[in-house]
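Letter by letter, the chains look like this.
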Amino acid sequence: MGEMMRAIEITEAGGPDVLKLVERPVPQAGPGQVVIKVAWAGVNRPDALQRAGLYAPPPTASDLPGLEASGEVIGVGPGAQGVAVGDQVCALLPGGGYAEYVATPAAHCLPVPDGMDLREAACLPETYFTVWSNVFTRGGLKGGERFLVHGGSSGIGTTAIQLARAFGARVFATAGSAEKCEACVGLGAERAINYRDEDFVAALREEGGADLILDMVGGDYIPRNLKALADDGRMVHMAFLGGPKVEVNFTTLMTRRLTMTGSTLRPQSDLAKARITQSEGAVPRVVTTSAKAGPESVTFSDLKQWLAGGRPHLLVLGTAWGLASQIMDGADARLEPLAGPARYNH
């Protein structure tokens, strides 16, 4: 038997009490992979759903929860590029983050931004990969376009606001309180709409309609989103907190040339996720904090450079808990964040 590590296992479907500290073999770096000594693991809604028995991991993924983590690279497999032993990284994971060590494709690693500690960095990959693939790759956001994100104060929302603003879009957001709306504006939203008091459809129509909407609500928001879109607008779905079913008149899509699409990240193959890091969009590249280039193509490598350059005002909204050996002894006290969803609260 090889070297062993400690990990958190889901023993059965249920509440936080079904999480158990166990020993598992330390993973080895396969072709194109790295092994990370985990300092912090991000806590995400799918972790809570998996623990509750409502979200099975893909067949090829680890049964251990944990979709993102930060730490030090301690092993590099054959063919792995861009990452070296000793690098401090945060990474998107297929699962297995709730452990002392985890293996993941090197292409799924991001640099830890200057000035950001590992705890904060552990909450970056899931939201950044999700936002990049849905907003820039699938949604095709361009500089100068009007972009609406629902749940602006959530982990996905705060990331979408900052990236869309950084790459030249006009950003609008919805949130459920004056305080949350103020936070969205502070992050770069041109306007934040309190959906309890205002009609986001009317607000966007006043601006000419949204060119792109990122929606995690679904339900009765779907026909309202269609009304809020500009002609030739796009709508990207990434969750359905309000339900996945609704009656829609699809004639509107044809007459106004609208596009509806969506995706989920975890079920995609390692290759598909790696392709996100090679994707290009047609949004302006950030040159300095005060000036932007013209409509030059931007790639995921530019995002990595943007992160690595240090973002002193970058807000990371998420939950992480430590897996360093000195913390593992008190693991019971660290399980409570898994009692409920940690993301997509809008």
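A brief structural summary.

### Comments concerning the overall build of the protein
Thought 1: Looking only at helices and strands, the protein features 11 helices and 16 strands.
Thought 2: Of all intrachain contacts in the protein linking residues separated by at least 6 positions in sequence, the fraction that spans at least 24 positions is 66%.
Thought 3: Counting every atom, the protein has about 14700 Å² of accessible surface; 50% of that belongs to carbon and sulfur.

### Overview of the side chain of threonine 159
Thought 1: Position of threonine 159 among the secondary structure elements: in helix H4 (residues 155-166).
Thought 2: Setting aside residues no more than four positions away along its own chain, threonine 159 makes contact with Thr127, Tyr128 and Val131.

### Concerning the packing of helix H3 (residues 125-138) against H4
Thought 1: Here H3 crosses H4 at 60°, and the two axes come no closer than 9 Å. Between H3 and H4, the angle falls in the class oblique. Relative to H4, the crossing made by H3 is right-handed. Contacts between H3 and H4 involve Thr127, Tyr128, Thr130, Val131 and Phe136 from the former and Gly155, Ile156, Thr159, Ala160, Leu163 and Ala164 from the latter.
Thought 2: Looking at the contact of H3 with H4 residue by residue, the classes come out as 7 nonpolar, 4 polar and no charged.

### Side note on the environment of proline 31
Thought 1: You can see proline 31 is positioned in the loop between strand E2 (19-25) and strand E3 (33-43).
Thought 2: Using a relative accessible area of 71% as the deciding quantity, one classes proline 31 as exposed.

### Details of the side chain of aspartate 211
Thought 1: The residue aspartate 211 is located in strand E11 (residues 210-215) in this model.
Thought 2: Those residues in contact with aspartate 211, other than ones at most four positions away along the chain, are Glu145, Arg146, Leu229, Ala230, Gly233 and Arg234.

### Observations regarding the pattern of salt bridges
Thought 1: Taken as a whole and assessed by the stated rule, the structure comprises 11 salt bridges.
Thought 2: Residue aspartate 63 pairs with arginine 24 through a salt bridge whose shortest N-O separation is 2.8 Å. Taken together, the residues aspartate 63 in the loop between helix H1 (45-51) and strand E4 (68-76) and arginine 24 in strand E2 connect sequence positions 39 residues apart.
Thought 3: Using a relative accessible area of 39% as the deciding quantity, one classes aspartate 63 as partly exposed.
Thought 4: In this structure, the salt-bridge partner of aspartate 199 is arginine 224, at a minimum N-O distance of 3.3 Å. In this pair, aspartate 199 sits in the loop between strand E10 (191-194) and helix H6 (200-206) while arginine 224 sits in helix H7 (residues 221-228), placing the two residues 25 residues apart along the sequence.
Thought 5: According to the relative accessible area criterion, arginine 224 is partly exposed, its value standing at 27%.

Definitions and cut-offs
Residues numbered from 1 in each chain as written. Predicted model: local features only at pLDDT ≥ 70, side-chain atom pairs only at ≥ 80, totals over all residues. Heavy atoms only, no water. Helix = DSSP H or I, 4+ residues; strand = E, 2+ residues; numbered from the N terminus. Contact = heavy atoms within 4.5 Å. Areas by Shrake-Rupley, 256 points an atom, 1.4 Å probe, with all protein chains shown as cover. Axes fitted to C-alpha atoms, helices over the stretch in contact; angles between N-to-C directions. Parallel < 35°, antiparallel > 145°, perpendicular 65-115°, else oblique. Left-handed = near helix turned anticlockwise from the far one by under 90°. Nonpolar A, V, L, I, M, F, W, Y, C, P; charged D, E, K, R; others polar. Buried < 20%, exposed > 50% of the residue type's maximum accessible area, 1.4 Å probe, protein only. Salt bridge = Lys/Arg side-chain N within 4 Å of Asp/Glu carboxyl O.

On their own, these measurements won't tell you what the molecule is for.
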